[in-house]
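# Structural features, examined
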Amino acid sequence: MDFWYGARGTFGKLFQETSKVWDNYIEWSKLNHLTELVSLDSGLNEDLVEVNFDKLEIDDWKFIVIDGSFQTGFYTSFDFVLENIKSKNKFNFLAVVKEPVEKCELVKLNDFEFVGYELLDKDYSTSALSNCGGFDETFLPKEINQYGLINNHEKAYDIRKRLFENNPEEYHADCNVIAVWRHKIIGR
């Protein structure tokens, strides 16, 4: 498996300056059981890696993951992410695998915990699970774990397949399955 790394802002009742932002999100999303959102959605969990593309050295480009024409917000180097992160007290330092063939819920990474599978649209910006207002014909809020992700490999791929079948005209329904691990120490 090829691991990519990233750093995302926290989003949850304990992390917001006011609980009103979180409460409004919970009411809108109907994901009442979330304890925290650990999403790859850039609108909900801000990408905290600051890369000045104008000042990048030639060698730095090897760390930036580009998929087609999309800059993914992920990097091939653990250290590159740590060196370029915005200063934050609390954040999610993540390891991810795009389109995993293995059951990642069984894969152990040193100092990381598996938190679930994300369904992220093809331009790596919006989560079909937590930022599209729901696709009740395909999955229900109760199928999403406390972090806004899916716990099970087969379930993630099944939801992705049915999501596109049921919503072929919806841009965010054509998505990547991405396994997500969160570091237990860094950012906590």
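Described below are features of the structure shown in this document.

Criteria and thresholds
Residues numbered from 1 in each chain as written. Predicted model: local features only at pLDDT ≥ 70, side-chain atom pairs only at ≥ 80, totals over all residues. Heavy atoms only, no water. Phe/Tyr/Trp six-rings, centres within 6.5 Å; stacked < 30°, edge-to-face > 60°. Helix = DSSP H or I, 4+ residues; strand = E, 2+ residues; numbered from the N terminus. Buried < 20%, exposed > 50% of the residue type's maximum accessible area, 1.4 Å probe, protein only. Disulfide = S-S within 2.5 Å. Salt bridge = Lys/Arg side-chain N within 4 Å of Asp/Glu carboxyl O. Core = buried A, V, L, I, M, F, W, Y, C linked by side-chain atoms within 4.5 Å. Polar contact = N/O pair within 3.5 Å; in protein donor to acceptor, adjacent residues only side chain to side chain. Contact = heavy atoms within 4.5 Å.

## Points about the packing of aromatic side chains
Counted by the stated rule, this structure contains 16 aromatic pairs. Geometrically, the ring pair formed by Phe11 and Tyr25 is edge-to-face, given 5.2 Å between the ring centres and 70° between the ring planes. Separated by 14 residues along the polypeptide, Phe11 in the loop between β1 (4-8) and α1 (19-29) and Tyr25 in helix α1 bring together distant segments of the chain. On the basis of relative accessibility, which here comes to 6%, the residue Phe11 falls in the buried class. Between Tyr25 and Trp28, the aromatic rings sit 6.0 Å apart at their centres with planes inclined by 45°, giving tilted as the arrangement. With Tyr25 and Trp28 both in helix α1, this residue pair falls three residues apart, about one helical turn. Judged by its relative accessible area of 7%, Tyr25 falls in the buried class. Put simply, the rings of Phe3, Phe114, Tyr117 and Trp181 pair up and form one aromatic cluster.

## What to know about the state of the cysteines
By the definition in use, this model includes zero disulfides. A disulfide-free cysteine, Cys104 has its sulfur positioned 16 Å from the sulfur of Cys175, the nearest such atom. A relative accessible area of 0% means that Cys104 is categorised as buried. Looking at Cys132, it has no disulfide partner, and the nearest cysteine sulfur is the one in Cys175, 8.5 Å off. We classify Cys132 as partly exposed; its relative accessible area is 22%.

## Examining the pattern of salt bridges
By the definition in use, this model includes ten salt bridges. The salt bridge partner of Glu143 is Lys155, with a shortest N-O separation of 2.6 Å. Pair noted here: Glu143 is in the loop between β5 (112-121) and α3 (153-166) and Lys155 is in helix α3, with a separation of twelve residues, a long-range link. Glu165 serves as the salt-bridge partner of Lys161, at 2.9 Å between the closest nitrogen and oxygen. Residue Lys161 and its partner Glu165 are both found in helix α3; the two are separated by four residues, about one turn of the helix.

## Looking at the nonpolar core
Side chains that are nonpolar tend, in soluble globular proteins, to be buried together. Within the largest apolar cluster, 41 residues are counted, with the highest numbers of intra-cluster contacts made by Tyr25, Leu119, Leu163 and Trp181. Listed by contribution, the elements that provide at least two residues to this core are β1, α1, α2 (78-83), β4 (92-98), β5, α3 and β6 (175-183). When residues of this core are assigned to their parent elements, the largest contribution, four residues, is made by β6. In this structure, Trp4, Val38, Val65 and Leu94 belong to the second largest nonpolar core, which totals 14 residues.

## Looking at the side chain of Ser77
With respect to the helices and strands, Ser77 occurs in the loop between β3 (70-75) and α2. Residue Ser77 is classed as buried on the basis of its relative accessible area of 13%. Within the structure, the side chain of Ser77 is placed 3.3 Å from the backbone nitrogen of Asp79, a separation counted as a polar contact. From its side chain, Ser77 meets the backbone nitrogen of Phe80 in a polar contact 3.0 Å long. Apart from residues lying up to four places away in sequence, Ser77 is in contact with Tyr5 and Phe63.

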